[in-house]
Amino acid sequence: GRLEPAPRREPNVTLRGKLAAFRVLALRREDPDALFFDRRLAIEGETETGLLVKNFLDAFEFDVEAHVTDVLPAPLARPVVDGMRKVRCPPT
């Protein structure tokens, strides 16, 4: 009936990379496989779980602008969305 933290243990899968690589992954600017094959992102650990995580990240779609607009009051949402548009990665 309640949530509790899991005991500390080694993760099944670890994702590593620079923030810029995760950003282009999240913005869907590059093919996730290319990021991994070019070694800009690395997956270590259990192979099957690693592939599930990679495929989940590839298929995941999240409309950040819509979420910000839904969560923040309108007078605050507009400047935040405008600021987000200014810092986005340029198309590749």
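Before reading further, recall that the structure is shown in the block above.
Residues numbered from 1 in each chain as written. Predicted model: local features only at pLDDT ≥ 70, side-chain atom pairs only at ≥ 80, totals over all residues. Heavy atoms only, no water.

Draft legend 1. Spotlight on a nonpolar patch on the surface. Where nonpolar side chains cluster on the molecular surface, the patch consists of Phe-56, Phe-60, Phe-62 and Val-64 and spans about 400 Å² of accessible area. Of note, Phe-60 is situated in the loop between helix H3 (47-59) and helix H4 (64-71). Residue Phe-60 is classed as partly exposed on the basis of its relative accessible area, which comes to 43%. (Patch = residues over 30% accessible without salt bridge, like charges linked within 9 Å, V, L, I, M, F, W, Y side chains within 5 Å. Areas by Shrake-Rupley, 256 points an atom, 1.4 Å probe, with all protein chains shown as cover. Salt bridge = Lys/Arg side-chain N within 4 Å of Asp/Glu carboxyl O. Helix = DSSP H or I, 4+ residues; strand = E, 2+ residues; numbered from the N terminus. Buried < 20%, exposed > 50% of the residue type's maximum accessible area, 1.4 Å probe, protein only.)

Draft legend 2. Fine view of the nonpolar core. Counting residues in each nonpolar core, the largest one holds six residues, listed as Ala-21, Val-24, Leu-25, Leu-35, Phe-36 and Leu-41. Top contributing element to this core by residue count: helix H1 (residues 19-26), with three residues. Those residues in contact with Leu-41, other than ones at most four positions away along the chain, are Arg-16, Gly-17, Ala-21, Phe-22, Leu-25, Leu-35 and Phe-36. (Core = buried A, V, L, I, M, F, W, Y, C linked by side-chain atoms within 4.5 Å. Contact = heavy atoms within 4.5 Å.)

Draft legend 3. The arrangement of the environment of Asp-33 in detail. Considering the arrangement of structural elements, one finds Asp-33 in helix H2 (residues 32-37). By relative accessible area, Asp-33 is classed as partly exposed at 29%. Between the C-alpha atoms of Asp-33 and Asn-55, which are 22 residues apart in sequence, the distance is 9.5 Å.

Draft legend 4. Here's a closer look at the environment of His-67. Along the polypeptide, His-67 turns up in helix H4. Look at His-67 and you get partly exposed, because its relative accessible area is 40%. Sequence separation between His-67 and Lys-18 is 49 residues; the distance between their C-alpha atoms is 25 Å.

Draft legend 5. Layout of unusual backbone geometry. Residue Arg-39 is not a glycine yet carries a positive backbone phi of 65°. One can find Arg-39 in the loop between H2 and strand E2 (41-45).

Draft legend 6. Molecular detail of the layout of surface pockets. When its volume is computed, the largest pocket comes out at roughly 410 Å³. For the largest pocket, the lining is made up of 14 residues, of which Arg-23, Ala-26, Leu-27, Phe-62 and Val-64 are closest to its centre. Looking at which element gives the most residues to the lining of the largest pocket, the answer is H1, with four residues. Taken together, the residues that form the lining of the largest pocket break down as ten nonpolar, no polar and four charged. (1 Å grid on protein atoms, 1.4 Å probe; cavity = no way out; pocket = protein on both sides within 12 Å on 5 of 7 lines; lining within 4 Å. Points joined across faces, edges and corners; volume = space filled by probe spheres on them. Nonpolar A, V, L, I, M, F, W, Y, C, P; charged D, E, K, R; others polar.)

Draft legend 7. Region of interest: the pattern of salt bridges. Tallied over the entire structure, the rule returns six salt bridges. Here Glu-30 ties to Arg-40 by a salt bridge, and the two come within 2.6 Å at their closest N and O atoms. Remark: Arg-40 occurs in the loop between H2 and E2 and Glu-30 occurs in the loop between H1 and H2; sequence separation between them is ten residues. What makes Arg-40 partly exposed here is its relative accessible area of 32%. Notably, a salt bridge pairs Arg-78 with Asp-82, separated by 3.3 Å at the nearest N-O pair. Taken together, the residues Arg-78 and Asp-82, both in helix H5 (residues 74-87) and four residues apart, mark about one turn of the helix. Each of the salt bridges in this network shares a partner with another, and the network as a whole consists of Glu-65, Arg-78, Asp-82 and Arg-85.

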